[in-house]
Amino acid sequence: MPGSSESRYIRLEVINGKNLRLLSDRIPAGIYVSINVDSRRHWKSAISVLSSDGSVAWRNVVTLPSHASPAILVEIRASYELGRVLGSGEVIGELQISWDELLDHGVEPFDLSFPPVRGVHPSLTLNAAIVRACDHQDGALSDSLVDCKIARDTDAGHARYVEYVTSENVFHLNATVEHFQLVLDQCPVSHPDHATALTNLAWARLIGYIQNHLQDIDATISLFRDALALRPQRHPDHPLSLYNLTEALTWRHNKKDTAADIREAAQLYHELLPLCPEGTYLRSIAAGANGVDYVIGGCNGLPIDASDEGIHLRRVVLELCPLGHQLRPRALGELAQAVEARFDQHGSIDDLDSSIQLGREAVSLCPEEHSDCDYYLHNLALSLMSRFNHQGKPNDLDEAISLDEEALRLRPVGHEYRDLSLDNLGRALIARFHKRGDIDDITRAISLSREALTLCPPGHPHRDTMLCNLALILDTRYDKLDVSEDLNEAIDLYRESLRLRQHDDPERHVNLFNLSSALCSRFTQTQENEDVEEAITLCQQSLAALSSLHPHRYFSYMWLQKAYLSRYQILHDPADLSLAIENFRLASTHPTQGFPERIKEAIDWVRQAEVYLHESALEAYQICFELFDSHVMTRSSIISRREAATAFDDAQLLPVDAASCAIRSGNLRQAVELAEQGRGQQWSLASRLRTPVEDLETANPKLAHNYLELSKLVSDAAQRSAAITDRVAADRAATEYRRITRRWEAAVAEIRDLRGFSRFLLPPLYEGLQTAARQGPVIILIASQYSCSAIIVPTSGDPCHVPLPSVALAELNNLKDRFSRAIRHASIMGPKQPRNDLIVLLRAVWDVIMLPIVNVLQHHLKLTYHSRIWLCPTAAFTSIPLHAAHPFRTNPDGSKEPCLEDLYICSYTPTLSALVRSRQGMKKRVTPSFVTIGQGQPRGGKGKELLAVDSELELVHKLVPAAANRTTISGDAATRAGALEALQENTWVHLACHGKQDPAQPYNSHFVMKDEHLTLLDIMERDIPHAEFAFLSACHTAVGDEETPDEVIHLAAGLQFSGFKSVVGTLWEVDDAVAQHVVKAFYENMFEDLKDGGAMDCTKAAWALNRATHAVKTKVPLEQRMVFIHIGV
């Protein structure tokens, strides 16, 4: 024996426990070890949390007197409380062991095995050693519990509970409930063990409910709720109380299918899981198949709920499915559908973007072999189509069709949901047909839709949808190809679909307004009054079914407008026209519908108001411009803005047509304002972020600083998004751009609340635009389909209208084409050959366009000879060399009749605002520096060699005053980066190289450098506020594109936008050798005053160019003299 027990003390370390299982299967708060030294004294370890593998770590030490008894009783117990403990809990294992047996293992730890529980032997790892003395050894031992009666009744309840679980005998269940009820009766609300007593009773009742031995689950849940209320956050038993309530709720849901229970359980799990450390037993149960996974599955089975509460629940469920969770794709898909449903109801683009981002992630988590891959592809395609319909982005349509094709491939003949994929793809093809007009798309769409309908026989839940969508496709083909059989079949299909729709069906309004549109079409064909009457009634019914902000009210207004207008066209009742106009107004201004649809409706309003001479025409134009402005502003990149602006048929005519309308209404000031508002929109949007704020800085420095910071953020976000090609990244960038833009818009709104800033960044009024004419009148030439005329904005006073009765838009377009041919022909002629074709055309320009204007300048405005004038051409006028207008006639006295450039110094301006900005920029002058940039030998076949470039650079270098800090960049140094740096660091620039206007994408127009192209986009992204003058001795630097002539998107305008106040550019191809004569004469005139100590002045450029072209008449052919134009101050 190790020694006598009379005076020995045993130091016992309880290290850990393993294979710890409970007969009751109830989740414990923790596990502890109890050692009974005798009937009076015992020791308890700390209560430690059970791990998921059934182990517990303690490392608790106790010193025990071995002389008190020959053996000790070791118990492993489960506690259902971590805080205040009631009773001894449930016994997991107990073993009586002598002191000698404890000491037989020497100094090494040893395992003490207990009788099996559920087939597994629990064990403790202990370490025992003899110690000779013990100070206050009794301090580690406790007497029996203070509240013996409550504790004994609680322990009896736990014992009966184990007996019930192991035997499933209702007698034991009743005994358990009685014991726990007795404990609860002894623990009133104020008692510290009240929550424990509630929990024990509730758990016993819950197990009885699960085993169908008790029926009242509602009272049980109330008990768990009361217990949780007494264990708030930070209470040690709060997590277990949360779990207990979720367990009760999920069992009630399991048996009664109560949606509210599964929703609440999800919220509780969302709170619970972060409180359960990884590796704990509670975590393993809560995060398992019968815990949170059951709740996630239950939530995924709930109907789509687009309310804020419903979407919050879906977000909670998604957070319960971290990356790698098998249910995450479904949770993503359900949330995506919920936020898209909210978009359908309220029209917030943020919801649609969110739906697409969620859908993309779901697709990315499901490889093709995943059973639900087709489902997520299908839903993502639907979301992309919704965004295409709302924003009109072509990439969304293309991607949606690609996804639909893939989903259809994964749903072969016989697949349960093949009908939905057929229908989805058919509708996407119809959208592409509307966009691109390919008849194959509509033919295939009808074929797909008919197949979908055959898969939905009478009684099929999708039949009403398939009928409606086939009707829509046939209705579309009727509109485009006028096949009357399509229209009649569409009406029959619409009617059958409507009969199948319940009156409370949330999509019934779609059938109503679609049938209305078809009946309206048939009315215009047959003039049967019953059709149009029914169409009006159906639209009114659809409006009655929709909330005031539902996006689909737009379609009801649109079809109601068409019905009234159709009836007006037949019956000519003015009331119908008024009703049609009112519905035009309602549709165009419906705030939750996307801009593309509203713009199309506003354009239609404009056209109909013009046809019927309705007084609302100017209002319609104004709304068009506001919608365009808002729509284009949603696009982050400059290129995507242009794509948005060119997506609408005939939209490029709106600015001039609006001006023409105002002229015909006798409101010349508004004509100037509308022409300005509608033209140069790309420059106007871009310039907002560079608006000088000196006055604002004086009035409110904090707001000015905030505005400048946000403007930079918007600009930076736009530049970043332009380089993104990945669709997921592009979506994220678009969302971020929109978030920043909203902050910018809020800052602008705050600025407008300041006194004196109410029109900050709003389209300028006439008074503001007239400052463009401070140094001479600006002549706006309006080329509208309704009338062609000019408006002269004088230095002061009202504008002057100059009718051009001999000019029509068709003749202008013809004149433009003839000029193009004449210039090409002249380029292959010898220098001495007469340019008869050009002479004829320039004489026509003088006679029918410029002479009426000159007469007003001379006789009405009394403008003196050689004064400056600015030409601001629109539409077809932009492609005609107005400055070169010439009578080519001799007076009776033998003198030659003067041409325009004999009379006045002509400049151009893209818009009045551009000229105003350039003038404002002239307030800050710096010491001039002059750089000549030349590239005559580009690499890689980027253009023929320009042999005269180096000599031109040398010539310019000699002519520029030495005081101007002259530098030259040419040859290998004339790279894209080198040229950009030179543009930013110098105030005056002469650029000689190949220039190329890109008609398809004008922002890709460029100067050819040694390595890469220096594009218009490169130039626009630079802000060079101190720049003054640029001479562009390159081809095509001042000619815009055909598609958006009123945007004036060309290289010269780009330099003006970036900061150059005065620019000389070219309208067509330049002969570099011949051009040197013009260049030499220009700089000689430009700098002639500097010999007397004058300063370099960029405002002399127009005069110098005028003098130069006169000086080289005998050396330079006509087309090479008139190729150069001046833009700016």
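Just above, that's the structure.
Residues numbered from 1 in each chain as written. Predicted model: local features only at pLDDT ≥ 70, side-chain atom pairs only at ≥ 80, totals over all residues. Heavy atoms only, no water.

**Student:** What should I look at first to understand the packing of helix H13 (residues 373–391) against helix H15 (residues 418–436) in this one?
**Tutor:** When two helices pack together, their arrangement is given by the angle between the helix axes and the distance between those axes. Running from N to C, H13 and H15 point in directions that differ by 25 degrees, and their axes come no closer than 11 Å. The angle between the axes of H13 and H15 places the two elements in the roughly parallel class. As for how H13 packs across H15, the hand of that crossing is left-handed. For the pair formed by H13 and H15, the contact residues are His378, Ala381, Leu382, Met385 and Phe388 on the first element and Leu420, Ser421, Asn424, Arg427, Ala428, Ala431 and Lys435 on the second. Taken together, the residues that form the contact of H13 with H15 break down as 7 nonpolar, 3 polar and 2 charged. (Axes fitted to C-alpha atoms, helices over the stretch in contact; angles between N-to-C directions. Helix = DSSP H or I, 4+ residues; strand = E, 2+ residues; numbered from the N terminus. Parallel < 35°, antiparallel > 145°, perpendicular 65-115°, else oblique. Left-handed = near helix turned anticlockwise from the far one by under 90°. Contact = heavy atoms within 4.5 Å. Nonpolar A, V, L, I, M, F, W, Y, C, P; charged D, E, K, R; others polar.)

**Student:** I keep staring at unusual backbone geometry and nothing clicks. Help me out?
**Tutor:** Excluding glycine, most residues fall at negative phi; most peptide bonds, likewise, are trans. The phi torsion at leucine 613 lies on the positive side, around 50 degrees, for a residue other than glycine. With respect to the secondary-structure elements, leucine 613 resides in the loop between helix H23 (595–611) and helix H24 (617–633). Phi is positive for alanine 875, close to 45 degrees, though the residue is something other than glycine. Among the secondary structure elements, alanine 875 is positioned in the loop between strand S12 (867–873) and helix H35 (900–903).

**Student:** What's the story with the pattern of salt bridges in this structure? I'm lost.
**Tutor:** Two side chains with opposite charge may pair up if their charged atoms get near one another. Scanning all chains against the criterion turns up 57 salt bridges. The residue arginine 283 makes a salt bridge to glutamate 278 at a minimum N-O spacing of 3.0 Å. Note that glutamate 582 is salt-bridged to arginine 585, the shortest N-O span being 2.7 Å. You can see glutamate 582 and its partner arginine 585 sitting in helix H22 (residues 574–588), 3 residues apart, about one turn around the helix. Judged by its relative accessible area of 33%, glutamate 582 is partly exposed. Residue classification places arginine 585 among the partly exposed positions, given a relative accessible area of 24%. Because the salt bridges share partners, they merge into one network encompassing Asp350, Asp353, Arg360, Arg387, Asp396, Glu399, Asp731, Arg738 and Arg742. (Salt bridge = Lys/Arg side-chain N within 4 Å of Asp/Glu carboxyl O. Buried < 20%, exposed > 50% of the residue type's maximum accessible area, 1.4 Å probe, protein only.)

**Student:** How do you make sense of helix H34 (residues 836–860) when you look at a structure like this?
**Tutor:** Two residues of an α-helix separated by three or four positions point the same way, owing to the 3.6 residues in each turn. Compared with the 36 Å implied by 1.5 Å per residue over 25 residues, the 34 Å span of H34 between its first and last C-alpha is a close match. Taken as a whole, H34 carries its principal kink of about 50 degrees at methionine 850; the proline proline 852 stands between one and four residues after it. Residues Leu838, Leu841, Leu842, Val845, Trp846, Ile849, Met850, Ile853, Val854, Val856 and Leu857 constitute the buried set of H34. Backbone geometry just after H34 places lysine 862 at a positive phi near 55 degrees. (Expected span 1.5 Å × (residues − 1). Bend = angle between axes of the 7 residues up to and from the residue.)

**Student:** Help me understand the sheet that holds strand S3 (residues 42–44) in this model?
**Tutor:** Backbone-to-backbone hydrogen bonds join strands into a sheet, with any given pair of strands oriented parallel or antiparallel. Spatial ordering of the open sheet is given by S3-S2-S5-S6, a layout of 4 strands whose pairing is antiparallel. Unpaired on one side and paired on the other, S3 and strand S6 (90–98) mark the two borders of the sheet. Recorded for the sheet is a direction-independent mean angle of 20 degrees between the axes of neighbouring strands. Sheet topology places strand S5 (residues 71–79) next to S6; 8 bridges connect them, and they run antiparallel. Paired with arginine 77 across the strands is valine 91, a residue of S6. (Pairing = 2+ DSSP bridges.)

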